[in-house]
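Letter by letter, the chains look like this.
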Amino acid sequence: MEKIMVSNKVISKLNEQVLHEANASQSYLAMAIWADNKSLDGIAAFFYEQSQEEREHMLKIIKFINEVNGKVIVPKLNAPIATYDSIKDALVQSLKNENHVTSSINELTSLALDEKDHASYNFLQWFVEEQLEEEQQFQFLIDRINMIGEEGLSIHAIDKLMGKLAVSSEIKDED
Ligand code: FEO
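Attention in this report is confined to the structure presented alongside it. The numbering scheme is per chain: residues are counted from 1 as the chain's sequence reads. Side-chain atom pairs in this predicted model are given and counted only at pLDDT of 80 or more, local residue features only at pLDDT of at least 70, and totals for whole chains, interfaces and linings cover all residues. Just so you know, side-chain values use all the structure's heavy atoms and leave hydrogens and water out.

With that settled, the discussion passes to the packing of aromatic side chains. Geometrically, a pair of aromatic rings is defined through the distance of the ring centres and the angle of the planes. Between rings of Phe, Tyr and Trp, where Trp is taken as its six-membered ring, a pair exists when centres lie within 6.5 Å; planes separated by under 30 degrees are stacked, by over 60 edge-to-face, and by other angles tilted. Summed over the entire model, instances satisfying the criterion amount to eight aromatic pairs. Their ring planes at 15° and their centres at 5.8 Å tell us that Tyr-28 and Phe-138 sit as a pair that is stacked. Of this pair, Tyr-28 sits in helix H1 (residues 8-37) while Phe-138 sits in helix H4 (residues 118-148), and the two are 110 residues apart along the sequence. The pair Tyr-28 / Phe-138 is uniform in exposure class, with both members buried. Plain terms: the ring middles of Phe-64 and Phe-123 are 4.1 Å apart, the flat faces sit at 5° to each other, and that makes the pair stacked. In this pair, Phe-64 sits in helix H2 (residues 41-67) while Phe-123 sits in helix H4, placing the two residues 59 residues apart along the sequence. Phe-123 shares its class with Phe-64; the two are buried. The secondary structure listing takes helices from DSSP runs of H or I that are at least 4 residues long and strands from runs of E that are at least 2 residues long, numbered from the N terminus. Buried, partly exposed and exposed residues are distinguished by accessible area as a fraction of the type maximum, computed with a 1.4 Å probe on protein chains only: under 20%, between the cut-offs, and over 50%, respectively.

The rule for a salt bridge is simple: a side-chain nitrogen of Lys or Arg has to be within 4 Å of a carboxyl oxygen of Asp or Glu. If you walk through the whole model with that rule in mind, you get three salt bridges. In this structure, Glu-16 and Lys-13 form a salt bridge, with 3.5 Å as the shortest nitrogen-oxygen distance. In this pair, Glu-16 and Lys-13 are both assigned in helix H1, three residues apart and thus about one turn of the helix distant. A residue is classified by how much of its surface remains accessible, and Lys-13, at 21% relative accessible area, is partly exposed. As a salt-bridge pair, Glu-107 and Lys-13 come within 3.1 Å of each other at their nearest N and O atoms. With Glu-107 in helix H3 (residues 87-114) and Lys-13 in helix H1, the pair connects residues that are 94 residues apart, well separated along the chain. We classify Glu-107 as partly exposed; its relative accessible area is 46%. What you see here is one network of salt bridges that share partners, running through Lys-13, Glu-16 and Glu-107.

The next subject is the nonpolar core. By nonpolar core is meant a set of buried Ala, Val, Leu, Ile, Met, Phe, Trp, Tyr and Cys residues that side-chain atoms within 4.5 Å join together. Ile-43, Phe-46, Phe-47, Ile-87, Leu-91, Phe-138 and Met-162 are the most contacted members of the largest nonpolar core, which has 25 residues in total. Residue assignment for this core shows that the elements contributing at least two residues are H1, H2, H3, H4 and helix H5 (153-168). When residues in this core are grouped by element, the largest group, seven residues, is from H1. By the convention used here, residues are in contact when the closest approach between their heavy atoms is within 4.5 Å. Filtering out sequence-adjacent residues up to four positions away, Ile-87 remains in contact with Trp-34, Leu-40, Ile-43, Ile-145, Glu-150, Ile-155, Ile-158 and Met-162. Of all hydrophobic cores here, the second largest spans 20 residues; its members include Ala-22, Ile-62, Leu-108 and Phe-127.

This paragraph deals with H5. Multiplying 1.5 Å by the helix residue count minus one yields the expected span of that helix. Between its first and last C-alpha atoms H5 spans 23 Å; for 16 residues at 1.5 Å apiece the expected length is 22 Å, and the two agree. Buried within H5 are the following residues: Ser-154, Ile-155, Ile-158, Asp-159, Met-162, Gly-163 and Ala-166. Looking at the buried side of H5, the elements it contacts are H2, H3 and H4.

What follows is the structure in structure tokens.
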């Protein structure tokens, strides 16, 4: 198949984005394991799925770089934070991470426009929308915890709610 060329500056930024998505995946994996250890099955399922989604985001970018004849750099990952004071703490950390990813997607999209790289600009629109959804989802969960707390019966309500969000999204747990 004939390959198309895009801006080298954009390719370099796309590789940075591969790293951000991979770090996000690791961070959610750590949250899933933390919740799993506490037998919070719904919260664990939610974060395992988030981790899987971020890996898919990473792969989506890797495939795009390959398609346009760029060179993919396999990212070296940071060790994620692995313990949290509470569910809310993990969710606030998640929202902070997503805010950071959104900023880098926005910078990348602006760069693609500056470089008149419309192929990359078009590709990135999916990520712009996805970030909006993810930030809204974490904000919703934080608001819910602020409303009902996370002690006693409330923790089960949150566990159930997050488990339901995991089951109702596109990526299903295989077992
Ligand atoms: Fe793919 Fe939520 O960053």
